[in-house]
Structures are given as C-alpha cells and as structure tokens.
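Inside the fold
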Amino acid sequence: MKIKILMVCLGNICRSPLAEGILASKIDSEKFQVDSCGTSNYHIGGKPDIRSIETARKHGIDITNQRATQFKVSDFDTYDFIYPMDNSNYDDIIKLARNEKDKQKVKLILNELHSNEDLNVPDPYYGGEQGFEDVFDMLNKACNSIIKKL
Ligand code: 4NP
C-alpha cells in the first residue's frame, strides 16, 4: 500500500498544485502518492493558475496536467497525511472531520518546518509573480522536511 498525501488550499489552483508538484518531484511514486484539492468549489476542473505553472516550470517541475478538485469527507479515508496551506483551510477541513482519527491526519504544512508556530502559506492569488516564488520556496523547504519524516 502506498502512503498517500493530500495538499489542500482554497482554490486548488495556486498553492496546493505547487505543493503537489514539488513533493511529487522528490518522492518514489512506487511508494508514495501525492494529490491536491481545494476546500472551495470555485475552480473545479480548472488548470493551475498560469503563475503557478510558470513558477514550477522555472524550477523544472511540470504541473500542467493537474486539474482542480474539491476536498470531500471520504478523503479522510483515502489519505494518510492531509496538509492544509493556511489556518482557514485547516479550520474548514477540521469542521468536516468525523472523529479524532480524521483530525490527527490534518497538519498545517508549515508546522513541518516551524513546529507549532501555525504559520500560513500566504495566498498569492491577488498578488504578483514574486508571491508565487516566495510560496515555492516555503513549500520546497516544507516538502524537504516531509520527505525526511516519511
Ligand atoms: P489557492 O489560491 O487557494 O492557493 O488556489 C486561490 C485561488 C483562487 C481564489 C482564492 C485563492 N479565488 O477566490 O478564486
């Protein structure tokens, strides 16, 4: 059985597609599966934001095949680790948890880098290109921590 990891943001077009692409580039796909989704239904079926696609491409990662999906309660059964990008995504997922086991799967992604600080990966949607580069850098470091732990 593969270990399954789910990256979660609001729209599933900016932050979590980058998180999925970065982690996927570091893992053995025979042993691990990584996916992403959004808590909202805003962009279901859509491609990642062009700025996320370009930022990933600059770092040698292709995320163009990803399509946005929405988080669903059965994801608690499918995935072993669920990583929301910010506190708002965290709260939205925890509200859907059915029991303590579901809740224990959910951890803010930057807490893998800065334990218990509850920092947000800032939403770059309304900002410029540099915001996406900053998000990439944070997620790259967090994914390196995740890899060490897996
Ligand atoms: P994401 O960014 O949660 O990192 O994918 C956003 C994308 C779209 C919207 C908000 C955040 N939106 O409001 O459409």
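Source: prediction; values computed, not measured. (Residues numbered from 1 in each chain as written. Predicted model: local features only at pLDDT ≥ 70, side-chain atom pairs only at ≥ 80, totals over all residues. Heavy atoms only, no water.)

With respect to the packing of helix α2 (residues 50-58) against helix α6 (residues 129-149)
Between α2 and α6, whose axes approach to 10 Å, the crossing angle comes to 55°. With respect to α6, the axis of α2 lies oblique. Between α2 and α6 the crossing geometry is right-handed. Facing Arg51, Ser52, Thr55, Ala56 and Lys58 of α2, the residues of α6 in contact are Glu129, Phe132, Glu133 and Phe136. (Axes fitted to C-alpha atoms, helices over the stretch in contact; angles between N-to-C directions. Helix = DSSP H or I, 4+ residues; strand = E, 2+ residues; numbered from the N terminus. Parallel < 35°, antiparallel > 145°, perpendicular 65-115°, else oblique. Left-handed = near helix turned anticlockwise from the far one by under 90°. Contact = heavy atoms within 4.5 Å.)

Re the site of the ligand
Residues in close proximity to the ligand include Cys9, Leu10, Gly11, Asn12, Ile13, Cys14, Arg15, Tyr42, His43, Asp123, Tyr125 and Tyr126, which together make up its full environment. Here an oxygen atom of the ligand sits 2.9 Å away from a polar atom, N or O, in the main chain of Leu10. Contact between the ligand and Gly11: an oxygen atom at 2.8 Å from a main-chain N or O atom of the residue. The residue inventory of the shell around the ligand, partitioned by class, reads 7 nonpolar, 3 polar and 2 charged. (Near = heavy atom within 4 Å. Polar contact = N/O pair within 3.5 Å; in protein donor to acceptor, adjacent residues only side chain to side chain. Nonpolar A, V, L, I, M, F, W, Y, C, P; charged D, E, K, R; others polar.)

Section: the sheet that holds strand β3 (residues 81-84)
Reading across the sheet, the 3 strands line up as β2-β1-β3 and stay open at both edges, with parallel pairing between neighbours. The open sheet is flanked by β2 (32-38) and β3, the only strands paired with a single partner. Put simply, the sheet's adjacent strands are angled 20° from each other on average, direction ignored. Across 7 bridges, the pairing between strand β1 (residues 3-9) and β2 is parallel. The partner of Ile5 across the bridge, within β2, is Val34. (Pairing = 2+ DSSP bridges.)

Examining the side chain of Ser16
Mapped onto the elements, Ser16 comes out in helix α1 (residues 15-26). One polar contact links Ser16 to Asn12, side chain to side chain, over a distance of 2.9 Å. Dropping the residues within four chain positions of it, Ser16 is found in contact with Met7, Val8, Cys9, Ser36, Cys37 and Met85.

Structural notes on α2
Side chains three or four residues apart in an α-helix point the same way, a direct result of the helix having 3.6 residues per turn. If you check which residues of α2 are buried, you get Arg51, Ser52, Ile53, Thr55 and Ala56. Where α2 begins, the side chain of Asp49 points an oxygen toward the backbone nitrogen of Arg51, at a separation of 2.8 Å. Where α2 terminates, the next one or two residues include Gly60, which has phi positive at roughly 80°. (Buried < 20%, exposed > 50% of the residue type's maximum accessible area, 1.4 Å probe, protein only.)

Quick notes on the packing of aromatic side chains
Within this structure, the stated rule accounts for 3 aromatic pairs. Ring centres 6.5 Å apart and planes at 5° place the aromatic pair Phe81 and Tyr83 in the stacked group. Seen in terms of ring centroids, Tyr125 and Tyr126 are 4.8 Å apart; in terms of plane orientation they differ by 75°. Their pairing is edge-to-face. In this structure Tyr125 comes out as partly exposed when scored by relative accessible area, which is 30%. When its relative accessible area of 75% is taken as the criterion, Tyr126 is described as exposed. (Phe/Tyr/Trp six-rings, centres within 6.5 Å; stacked < 30°, edge-to-face > 60°.)

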